[in-house]
Amino acid sequence: MAGPLSFDAAAWLWLLLGVVPFVVWAARRTLTNFPPRQRVLQGGLRGAVLALVILALAQPVWHRNDRRVSVVYLVDVSASVSAASVERAAAWIADASRERAPDHAAVLAFGATTVVLPDVEALGALARVRTGDAAPDVSDTNLGRALDDARAAFAPGHLRRVVLFSDGRGTAGDLARATALLQADGIEVHTVPLDVREVGDVWIDGLTGPARVSAGEPFTIDVALHSQVARSVVVELRHRGEVVALQPARVEPGARVLSLEARVHQEGPSVIEAILRADGDPVPQNNTRRHVLSVGARRQVLYVEGRPASAHHLRTALEVGGFDVTVPQGGRLPADVDALSAFDAVIVSDVEAQALPAATMAALEAYVEGGGGLVLAGGEAVYGQNGYSDTPIERVLPVSFDVKEPPGEVALVIALDRSWSMVGPTLELAKEASKASLDVLEDNHLVGVLAFNFGAEWVSPLQPAANRERIKAQISTIDPAGHTVIYPALEEAYRALQGVEAAVRHVILLSDGRTYEDPYEELITRMARDEITVSTVAVGGDADRELMTNMSVWGKGRAYAFIDAREVPQIFVTETERVARGALDEQPTPVRMPQQIALFRDLPMPSVPALLGYTRTTLRPSAELLLATPSDDPLLARWQYGLGRAVFFASDVKDRWGAEWLRWPGYRAFWTRVLRDVMRRPDTSGGLRVERVARHDGGLDTRFVLDAVDRAGRLAPLTRPRVEIVGQETQTVALAQTAPGRYEATVTLASDQDYIAGARFDGRVQFAPGTPLAQFVLARDLDELRLGPPDRALLESLARDTGGQFDPAPAGIADPGEARALAPRPLWPWLLWAALLLYLVDLLFRRIRVWEDTALRAS
Amino acid sequence: MTFGLLSAGQMALVAALAGAAVVAIFFLKVRHPLVVVPSLVLWQRVLDEHRRDSLIERLRRLLSLLLALAIAWLLAVAAAEPRPDGASGGRLALIVDNGPTMHALTGGGTRLDRAKAAARTLITQAGGDARFQVVDTSGAVRTPPDLDRQQAVDAVDRIRPGAGDRRTPATAEGYAPVIFTDAPQEGLPEGARVVSLFERVSNVGITAFEVRATPARPSEHTAYLSIVNFDAEAREVAITIGAPGRTRVQRTVPLAAGAAFRQVLPMNELDPGVVEARISTAGDRFPADDVAFGWLPDPRPWRVALITTGQPALAAVIGSDPGVVLEIVAPDDYRPAIDADLLVFDRFVPETAPETPALLIGPAPSAWLPLAEATRTLPTVVASGTEHPLMAAVALDDLHVTRTAVIAAEGAVPLAADAGHTVIAAGSAAAPWVAIGFALDDSNFATQPAFPIFIANTLAWFRGEADPIIATPGLIEVPRAGAMITTLDGQRVPSTSALGASRFTADGPGVFFATARGVRVPVLVNLAQAGWTPAAPDGAADAGAGELPATSRPWWTLMAMAVLLLLAVEWFTWQRRITV
């Protein structure tokens, strides 16, 4: 309708065009003898009568602007609203009526349902007693339904306004939809906030937690508490009746969140119940809340430890932490991505790079790229030339093994046993090892080679490694002779290194035999005090391994023992690299946390002990540094690689460099969190989920949606999909396919009981591990009794969106202002009455002569 | 006969007065003019004519009187609104089923059209003192009681097709419910009168159509199509699938009575955008379920130009998006005419605002992007405006920033702030830009898990599209406040916004777009639903007892038409002196 007048049968209006022509046509053929003026009058009257009848047939409707105001007072009397507030609402309404009473008013009280009250006095009575036939159901606050009921309470043809008195804490219904309908009808909603009951209550407002966890995996449930007074409480988490977490707390008025850690061991759908215990709590009905979660199989971890005898430390910690840990026989990693994909994370600890074939490294890289998680823990085996430099594993890691700042000046003395027992391959290999060591050194590093039997002789005195070709040639001249006396060689090496200023001064001693008893401990201890370290290499079955080992301990170096001399060159290179490149730092190293990280929240990080050594690496620019040394070397770093994540731990996870950590209370939690952070994210694309859908009539439907996504991520067709719903009775509902791989059904379930729903289908489909195919559908919580503060933001938004006011004064509520309502009035009866009267006049002027014919008079 | 506007006594009085007036006027003698006629012969003829015509004259006068009385009485009676006996006033609650099956075509329009016509007839045939309440089953129309007839007719006219279910809505106490429906209703109150609109119709319909990506291969899309022949006879069904107006897949399948056609179809050969599935069957009387819509995302890679002196982390994250083709440009090589869908400026700001959408990271102040002086702080960054699509699933818990500029651009939407100072902001749809006040090197943002999510959100926001909303006809909600709703051809659709969402009404299947804050969300309205067919509702062939009110003109209109005719006849005959 574009204007104030409309026609319900406008086609009749076309006849108006014919009225004048017809009247004139007939009048021209008149045989009457009325004077012309009277004939014109008669024609006009007849035309008018015809026009009025035609207009009546067109059924015009006049949409009259109406300033009358109809106000519906909608008062929340639900259980959460205080009696005083309801009485204030009644007083507000009475004031509004006194100031300027609206042309029509209705008072509705609502909770879960709505009742029409006869007058405002009844509202006052309801404030005190909210039961009985005249009272609504107060167990919920259904704002949507109340506003919808208000639409049916206005007087027709009036300006319509709702004044909503409420705390805004709706617990049921679809407020948004009701608001949209009010907007469409042009109904203003003015909102007045009401206070909730203050009874000194404390309650659980809500629970937040993961939807899916793995069996045995610790998870956190955030329990949101709200209290009206300060008091002490205890919060429990229960699973199947057993307490799985408990925390006492002191709460102050207001909100507070407690985080409790729990774990569930049984796979399948689970319900965690939070129970609040508070002495003297006046409203115990709001002290419980439940959370549904799906518990999948325990997460699978593959742990490859380079030193298997020490694997039990981390393994035990992770198994207690809720993981199934596989330590493969022989410490071998699978070389197949599919085999690796059976695990959620892979830990590689102190494994030499040579132990991993290229195919294995490539598989590991592909595994991480595809979403798997990798933790590489350091140790002596992972660094340097024989470590992971320039390998696919290094690409995956958040660090590189190029050490930014080599240690500076290095002075190295290689002391070789040239006794008769070394003759043959052993001495040749030792000489080759020495030569290979030269290639590791920087040109400015100092190196000297001592050959000893019963005395020590400089084959090549300390000089820059730049002279390596000459030094190598000199090494080649070493011949076997004599028997083994180690002491002079150490003395000579000590003497030579004492006179050198270098950051690192080190002796590598190689021997295959036994020597005399000499004060080695005193000598080497002195050397260590002067920061000259000693490492020993014992070759062959006759070597005095005990002495050699002791020497390395006194000398703060490392001891190596081999039967097969062919291993000597490699260890010489490794040892030289360690010394020359500073790739290892074997001294107590405090652990520093560069910044607060959510991962370590609530862990005893301030008490984390020092590490006894670590592998020096360089952090990649886009990696995140989680732990560092005081000199900012990375200790723990992580980053995203493809779809997966990789973590590097520079120290070891066992009883060598991490010996102190094994006694740290946070050891298990630390590694559990790191692993959980890095491991493959569970595939959430498939499974059964449950949605509650509010209906416009205030009811609640339950929709089951099954996404059939198989292990390979494909959408799987199902045969006869259905959901079995078990409550007090069991029903089976067919699922209809609505999209590729998606099956749905909507049912109405009672809201006051629990159900468990399981997806069923014929045939077999391999879902991804942990895909939930069963869910709990819980009875609705009694949210009405959660007496939180009024939701003023909601009330303000509701008023603003509908053109109303928030907390208006009573006086202006009935003032129409510039607004007008359109009241339709059909006009056809009036037109017909007018036609009747005009017809009588028409008849009269056809019976009487008003004017004389002047032509006749003249004659 | 009774009267809607007058009582019988009043009507009798009016009729008597009108008749008396007519008679009285009629018997007024017309005064003829005095004319002197000298001829005796003429007088003789006059007297002779008078004696000869007196009987005819009397009949003429009687006929004329009766004609005038008829006109007057018809006018009087029509104005009093006569109606058949029994159609007296009362309190009626008219419930109109506007559920999906009421879209079915029957003789004279859809079932809903007939239901509304029947309701109007019932209203107009009721007395002037009748009062009504009008409610539809979707809840969209729910009037107060005490409506007069015109108001009730207006309310019936406002009823539109919706998504009501089979639950009978509540009506006012004391009002006798009359429900106009085509299927059995739940919760029908005792004594309710049911007016059935059901008649068996032929229907083959789409019961499911949706396009979906394969989780393992997000670039591959398939569609599921389900068609059911609800008819009692076999039918040939012509199926076409493609963009609206452009068919790519066409086939005809025979379907036995009650049989279904269900198939998963590859979609990658189709053009991106709206995918329409349409069927046609001879004699189908329910067109609302003959079309359904799906959405195929645009697979065209987006060209992103990264203007930087070097930022590997940023390049890696942007380049890892399979829908992006990344080009790295040195700042010295940047030209405003650069050909890209999105520009990412890393620690560089062009002199003039680019016309292409832009992401600026660590920018320096410029005339078109006013920033406050860079501050050296360790701010606590709080994600505000988290309802913005850019911040969806972006957690900034571990974000540390050592130095940042504060974004002060007018009209910008703050997304993250430090103590009220905006450090991440987005522009408007008219000026689409996103600015991060700090450089990546001055923060750990690039190492945060939230970083690739933020970049992905930014790319999606700039691309301007989001996952489609699939809805059924009726009141549709889009979870974005202040969205502008348009049809497929760009026509604006009236909508409202409240409580963080926008709503509009769709009468039937169709494609709409909801645009808010630069993001355009397709809204696909489909009737495809297994349970909605008007062919044969479960459990009953008709909705119950109760006859459709006979559609007839109100008596007063018939009388008014008769008056019109008589007036015309009387005027002509009086002019010709046939009547007097």
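Rules used throughout
- Residues numbered from 1 in each chain as written.
- Chains lettered and ligands numbered in written order.
- Predicted model: local features only at pLDDT ≥ 70, side-chain atom pairs only at ≥ 80, totals over all residues.
- Heavy atoms only, no water.
- Helix = DSSP H or I, 4+ residues; strand = E, 2+ residues; numbered from the N terminus.
- Buried < 20%, exposed > 50% of the residue type's maximum accessible area, 1.4 Å probe, protein only.
- Contact = heavy atoms within 4.5 Å.
- Areas by Shrake-Rupley, 256 points an atom, 1.4 Å probe, with all protein chains shown as cover.
- Lys, Arg positive; Asp, Glu negative; His and termini not counted.
- Charge placed at Lys NZ, Arg CZ, Asp CG, Glu CD.
- Domains from an automatic or database assignment.
- Buried area = accessible area lost by both parts, 1.4 Å probe.
- Salt bridge = Lys/Arg side-chain N within 4 Å of Asp/Glu carboxyl O.
- Polar contact = N/O pair within 3.5 Å; in protein donor to acceptor, adjacent residues only side chain to side chain.
- Pairing = 2+ DSSP bridges.
- Axes fitted to C-alpha atoms, helices over the stretch in contact; angles between N-to-C directions.
- Core = buried A, V, L, I, M, F, W, Y, C linked by side-chain atoms within 4.5 Å.
- Patch = residues over 30% accessible without salt bridge, like charges linked within 9 Å, V, L, I, M, F, W, Y side chains within 5 Å.
- Expected span 1.5 Å × (residues − 1).
- Arc of directions from axis to C-beta.
- Parallel < 35°, antiparallel > 145°, perpendicular 65-115°, else oblique.
- Left-handed = near helix turned anticlockwise from the far one by under 90°.
- Nonpolar A, V, L, I, M, F, W, Y, C, P; charged D, E, K, R; others polar.
- pLDDT = per-residue confidence, 0-100.

Novice: Tell me what's going on with the overall build of chain A, and back it up with residues and numbers.
Specialist: Secondary structure summary: chain A contains 20 helices and 41 strands in total. Overall, the C-alpha framework of chain A stretches about 175 × 75 × 60 Å when taken along its three principal axes. Every one of the 859 residues in chain A was classed for burial, and the buried ones make up 55%. Contacts in chain A between residues at least 24 apart in sequence constitute 75% of all its contacts with a sequence separation of at least 6. Total accessible area on chain A is roughly 35300 Å²; 52% of this is exposed by carbon and sulfur atoms. Averaging the locations of the 89 positively and 108 negatively charged side chains of chain A gives two centres separated by 11 Å.

Novice: Which residues make up the domain arrangement of chain A, and what values do they have?
Specialist: Residue and element names in this part refer to chain A. When cut into domains, chain A gives domain 1 (5-65 + 826-858), domain 2 (68-193 + 789-819), domain 3 (202-294), domain 4 (299-404 + 586-678), domain 5 (410-581) and domain 6 (687-777). One C-alpha centre belongs to domain 3, the other to domain 6, and the line joining them spans 27 Å. The interface of domain 3 with domain 6 comprises seven residues on the first partner and eight residues on the second. Contact between domain 3 and domain 6 buries roughly 600 Å² in total, counting both sides, with carbon and sulfur atoms accounting for 59%. One can count one salt bridge joining domain 3 with domain 6. Applying the counting rule to domain 3 against domain 6 returns one residue pair in polar contact (both at pLDDT 80 or more). Those elements that provide at least two residues to the side of domain 3 that touches domain 6 are β14 (268-277) and β15 (288-296).

Novice: Please provide a residue-by-residue account of the sheet that holds strand β5 (residues 114-117) of chain A, values included.
Specialist: Residues and elements named next belong to chain A. Sheet architecture is open: five strands sit in the order β5-β4-β3-β6-β7, paired in mixed fashion. The open sheet terminates on both sides in strands that have one partner only, identified here as β5 and β7 (188-193). The mean inter-strand angle of the sheet, taken between neighbouring strand axes irrespective of direction, is 25°. For strand β3 (residues 69-76) and strand β4 (residues 104-110), the ladder comprises seven bridges, and the chain directions are parallel. Note that in β4 the partner of valine 72 across the bridge is alanine 106. In this fold helix α4 (residues 120-128) packs onto β3, β4 and β5, with an angle of close to 130° to the strand it touches most, β5.

Novice: Any details on the interface of chain A and chain B? Residues and values, ideally.
Specialist: Contact with chain A, which involves 93 residues of that partner, is made by 88 residues of chain B. Summed over both partners, the interface of chain A with chain B buries about 7700 Å², with 63% contributed by carbon and sulfur atoms. Of the charged contacts in the structure, one is a salt bridge between A:Asp707 and B:Arg212, with a shortest N-O distance of 2.9 Å. Along the contact surface separating chain A from chain B lie 21 residue pairs in polar contact (both at pLDDT 80 or more).

Novice: Tell me about the nonpolar core, residues and numbers included.
Specialist: A:Tyr388, A:Phe600, A:Trp661, A:Phe670, A:Trp671 and A:Leu675 are the most contacted members of the largest nonpolar core, which has 67 residues in total. At six residues, helix α17 (residues 667-678) of chain A tops the list of elements feeding residues into this core. A:Leu675 has contacts with A:Val301, A:Leu318, A:Phe323, A:Ala345, A:Ile347 and A:Val375, leaving out every residue within four places of it along the chain. Core analysis: the second largest hydrophobic core is formed by 54 residues, B:Ile436, B:Ile476, B:Ile485 and B:Val525 among them.

Novice: Can you tell me about a nonpolar patch on the surface, naming the residues and giving the values?
Specialist: Among the surface-exposed residues, B:Leu40, B:Leu42, B:Trp43 and B:Val46 lie close enough to one another that they form a single nonpolar patch of about 420 Å² accessible area. Its relative accessible area of 42% is what places B:Val46 among the partly exposed residues.

Novice: I'd like to hear about the pattern of salt bridges, residue by residue, with values.
Specialist: Residues and elements named next belong to chain A. Enumeration according to the criterion identifies 72 salt bridges over all chains in this entry. Linking arginine 68 and aspartate 66 is a salt bridge whose minimum nitrogen-to-oxygen distance equals 2.6 Å. Among the ionic pairs, aspartate 710 bridges to arginine 714, the shortest N-O distance being 3.2 Å. Residue classification places arginine 714 among the partly exposed residues on the basis of a relative accessible area of 44%.

Novice: Requested: an account of the side chain of B:Gln575, with residues and values cited.
Specialist: Relative to the elements of secondary structure, B:Gln575 occurs in helix α7 (residues 555-575). If near-sequence neighbours (up to four positions away) are discounted, B:Gln575 is found in contact with A:Ala26, A:Ala27, A:Arg29, A:Thr30, A:Leu31 and A:Thr32.

Novice: Summarise the sheet that holds strand β26 (residues 469-471) of chain B; cite the residues concerned and give the values.
Specialist: Strand-to-strand pairing in sheets goes through backbone hydrogen bonds, with the strands running parallel or antiparallel. Residue and element names in this part refer to chain B. Sheet architecture is open: five strands sit in the order β26-β33-β32-β28-β29, paired in mixed fashion. Taken across any chain shown, the strands that pair with only one partner, and hence form the sheet edges, are β26 and β29 (492-493). Bridging between strand β28 (residues 484-487) and β29 involves two bridges; their strand directions are antiparallel. Note on β29: the bridge partner recorded for isoleucine 485 is valine 493.

Novice: Report on helix α3 (residues 83-100) of chain A, specifying residues and quantitative values.
Specialist: Residues and elements named next belong to chain A. Taking 1.5 Å as the rise per residue, α3 with 18 residues should run 26 Å; its terminal C-alpha atoms sit 26 Å apart, in good agreement. Among the residues making up α3, those that are buried are Ser85, Val86, Ala89, Ala90, Trp92, Ile93 and Ala96. For α3, the buried positions fall inside an angular range of 155° around the axis, keeping them on one side. For α3, the exposed residues set more than 90 degrees away from the buried face come down to Arg98 and Glu99. Lining the buried residues of α3 we find β3, α4, β6 (159-166) and β7.

Novice: Go over the environment of B:Thr505, please, and point to the residues and values.
Specialist: Residue and element names in this part refer to chain B. For threonine 505, the position within the fold is in strand β31 (residues 501-506). Distance from threonine 505 to isoleucine 318, taken between C-alpha atoms, is 39 Å for residues 187 residues apart in sequence. The contacts of threonine 505, once residues within four sequence positions are left out, are Arg160, Gly474 and Leu475.

Novice: I'd like a description of unusual backbone geometry, backed by residues and values.
Specialist: With a phi angle near 70°, B:Asp146 is a residue other than glycine that sits in the positive phi range. Mapped onto the fold, B:Asp146 is located in the loop between β6 (131-136) and α4 (149-158).

Novice: I'd like to hear about the packing of helix α19 (residues 828-847) of chain A against α7(B), residue by residue, with values.
Specialist: Direction vectors running N to C along α19(A) and α7(B) enclose 20°, while the axes themselves pass 13 Å from each other. Classed by the angle they form, the pair α19(A) and α7(B) counts as roughly parallel. Here α19(A) and α7(B) pass one another in a crossing that is left-handed. Across the interface between the two elements, A:Trp828, A:Leu832, A:Tyr839 and A:Arg846 from α19(A) touch B:Trp556, B:Ala560, B:Leu567, B:Glu570 and B:Trp574 from α7(B). Of the residues that constitute the contact of α19(A) with α7(B), the class distribution is seven nonpolar, no polar and two charged.

Novice: Explain helix α7 (residues 311-320) of chain A residue by residue, including any values.
Specialist: All names here are of chain A. Taken as a whole, α7 has its buried residues at Ala311, His313, Leu314, Ala317 and Leu318. Where α7 is buried, its residues meet β16 (299-305), β17 (323-326), β18 (345-349) and α17. In the segment just after α7, glycine 322 is the residue with positive phi, at about 105°.

Novice: Mind laying out the confidence of the model for chain B, listing which residues take part and the relevant values?
Specialist: Taken residue by residue, chain B gives an average pLDDT of 83. The fraction at 70 or more is 86%. For the stretch residues 538-546 of chain B, pLDDT sits under 50, and the model shows 19 contacts to residues farther than four places along the chain or on other chains.

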